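Here's the letter readout for the chains.
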Amino acid sequence: MEPPVLAFTLWIFAFLSVPAAGYPNGKVREACSSMMPRHEHSPQPSPEHTISVNETEFRPGDHIKVSLSGPVFEGFFIQARNAENLAGPAVGSFMLAEERISQLLTCGLCRHATVVEKYKIFWVKIPGPVISQPNAPPLTTPTSITPETLPTSQPVFHLTKSFNASGCGITKFCIRNPPKCDPGTAYCFFLSFKQNNHSVLIEMSGPSEGYIAFALSHDQWMGDDDAYLCINEDHRINVNTAYLSGRIPPVLDSENGLEDISWRLADGLVQCSFRRNLRLPSYKGRFNLDANYYIFLADGEASEGGLIHKHHRQPLITNGMYNVTDSPKDVGGSRSPLLLKLHASLMFVAWMTTVSIGVIVARFFKPVWPHSLFGKEIWFQVHRMLMLTTVLLTSVAFILPFIYRGGWSKWAGFHPYLGCTVMALAIFQPLMAGFRPPPHAPRRQVFNWVHWSTGTTARILAVVTMFLGMDLPALNLPDPWDTYTMIGFVAWHVGIDILLEIHSYCLIRKVEVIDEDRIQILQSLTSAEAEGHTFKEIVLTIYICGNIAFLITFLAAIHQL
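Residues numbered from 1 in each chain as written. Predicted model: local features only at pLDDT ≥ 70, side-chain atom pairs only at ≥ 80, totals over all residues. Heavy atoms only, no water.

Per an unreviewed UniProt entry, the recorded name for the protein chain is Ferric chelate reductase 1, and the organism is Chrysemys picta bellii. Among the UniProt annotations of the protein chain, the heading Cofactor (unreviewed entry) holds the following wording: "heme b". According to UniProt, the comment filed for the protein chain under the heading Subcellular location (unreviewed entry) is "Membrane". (UniProt positions renumbered as here; feature names shortened; annotations may be inferred.)

Here it is as structure tokens:
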């Protein structure tokens, strides 16, 4: 394009363009109250679509199927509202029947719908059927809506200062992570229960930009749990309850029976407190507090409107079942189950220490330790012992996740698939070694290459598997520290390997004499290698110390989970 034409085109765009406000994700929160599409056109007078439900009565926690039917349309917006206060906010929550063609919009039981057939053709607030609670007062339609007719709720107060742990183990039951941490600090997760006659005051605090929550459970698995959530919604905390029926997003209760609700947002901490009675028989899904439970403490992200997302790491779970109304205690918990911590620890020992040292010994120490021990060379005995130890540790560690999960894990990504491959290769290596040909047999060279390639493949896959496993929710070592430390270990091993290779090459060069365009080997390769055995033993000692340092670092991190 010529410069004058280009300049004229840019001028046209600059003066004829107009600003436009778009909603790329389709969520128009500004329409929550009016339910009016931002299409700059008026709605149609007579609706052509209908709303139907499969139940006309409900109890708190029930699920009701809502269907929208009529002529073909391009979009819809459905809300549930109080039938006696249609101008009030939306109530309840929805679960999607088909996530590919619809999505949720949090705006905050008679139902309304807005249906868009085309951009200029739409209907607003199409009325739906009324559903009611059994034994509820009869529906009355107010003639006018004034501030006096709006429903009232429990008052919510603002906390003026952070919680403290001074009464933990003395006057109240506390859970803290890390142990003994101060709930006013930016890294402390804190939960306390203090009984007062027939009610319990609950305080919860933790670093989060979204929500913090705890749940009472009869086991250490998510499902059939009584949950309490403090959700940061537009810099305001909403305290909700929910019954967790399984590994699905919780459905927040419209009524929860909580009293004296207070909250605070400061220094990256979400803090909330509330009181509830020991027993709430009229609220479905609320457990009695005077019983033994495992206690979960979780945190996660919340999007605009208070919609919560799955916690990005394993919840903190108490190591045993506790009665929070019994004698006061100050306990901790773990974000990783014991069996999975043992699994990770054994794998680190096997594939960071025993196998690495065993490979170094077999590759570089044949001429250094050639003497016989129990009928075999010392280097071979050390190599075989370390490799069999690797197979044993890997086999034990391999079984532990299956015991914990009770089968295959569908949420661990590629980690279990690669782990099974490593386990198969680890077993195949000693079986193949048992059938190795004699040193000078024709097939010995083939065996050496297959044995080396299988072992190298197993080690590479093991490192990749450990990289993936470190960030799984059930372990989730501190990130990015874990990645950098593992990269450091790989660099350490490769660096030592290259150093020993260079050393071996230099020894060979020392015994070569160039004489009239021919090379005369004055010493054998074996004796030349043996000359540097002191240097190799020093390097091996340093290498073992470095490996143990990396190993202790990872084991200490696992212990802290």
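S.K.: What is the right way to look at the state of the cysteines in this model?
M.R.: Chemically, a disulfide is nothing more than a covalent bond linking the sulfur atoms of two cysteines. What the rule picks out here adds up to three disulfides. At a sulfur-sulfur separation of 1.9 Å, the disulfide partner of Cys-181 is Cys-188. Because the sign of the S-S torsion sets the handedness, a value of about 60 degrees for the bond joining Cys-181 and Cys-188 places this disulfide among the right-handed ones. The exposure class of Cys-181 is buried, given its relative accessible area of 3%. (Disulfide = S-S within 2.5 Å. Buried < 20%, exposed > 50% of the residue type's maximum accessible area, 1.4 Å probe, protein only.)

S.K.: Honestly, helix α3 (residues 378-405) in this entry has me stumped. Any pointers?
M.R.: One turn of an α-helix holds 3.6 residues; hence residues three or four places apart share an orientation. The terminal C-alpha atoms of α3, which comprises 28 residues, lie 42 Å apart, in line with the 40 Å expected from a rise of 1.5 Å per residue. Just downstream of α3 lies Gly-406, where phi reads positive at about 75 degrees. (Helix = DSSP H or I, 4+ residues; strand = E, 2+ residues; numbered from the N terminus. Expected span 1.5 Å × (residues − 1).)

S.K.: Sorry, what's going on with the pairing of strand β14 (residues 259-266) here?
M.R.: The two faces of a sheet get side chains in turn, since along a regular strand they alternate between them. Across three bridges, the pairing between strand β6 (residues 156-158) and β14 is parallel. Pairing of Phe-157 across the sheet is with Ser-262, part of β14. Inspection of the sheet shows β14 paired to strand β15 (residues 269-277) by six bridges, in the antiparallel sense. Looking at the pairing, Arg-264 lines up with Gln-271 of β15. Remark: two residues form the turn of the hairpin made by β14 and β15, two consecutive strands paired antiparallel; Asp-267 in that turn has positive phi of roughly 55 degrees. (Pairing = 2+ DSSP bridges.)

S.K.: When you look at the pattern of salt bridges in this model, what are you seeing that I'm missing?
M.R.: Side chains that carry opposite charge are capable of pairing whenever their charged atoms lie near each other. A full pass over the atoms with the stated rule returns nine salt bridges. The residue Arg-286 makes a salt bridge to Asp-226 at a minimum N-O spacing of 2.6 Å. In this pair, Arg-286 sits in the loop between β15 and β16 (294-300) while Asp-226 sits in strand β11 (residues 225-232), placing the two residues 60 residues apart along the sequence. Given a relative accessible area of 7%, Arg-286 falls into the buried group. Between Asp-253 and Arg-286 there is a salt bridge, with the nearest N and O atoms lying 2.7 Å from each other. Residue Asp-253 is found in the loop between β13 (251-252) and β14, and its partner Arg-286 is found in the loop between β15 and β16; the two are separated by 33 residues along the sequence. For the pair Asp-253 and Arg-286, one class covers both residues: buried. The network of salt bridges with shared partners includes Asp-226, Asp-253, Arg-276 and Arg-286. (Salt bridge = Lys/Arg side-chain N within 4 Å of Asp/Glu carboxyl O.)

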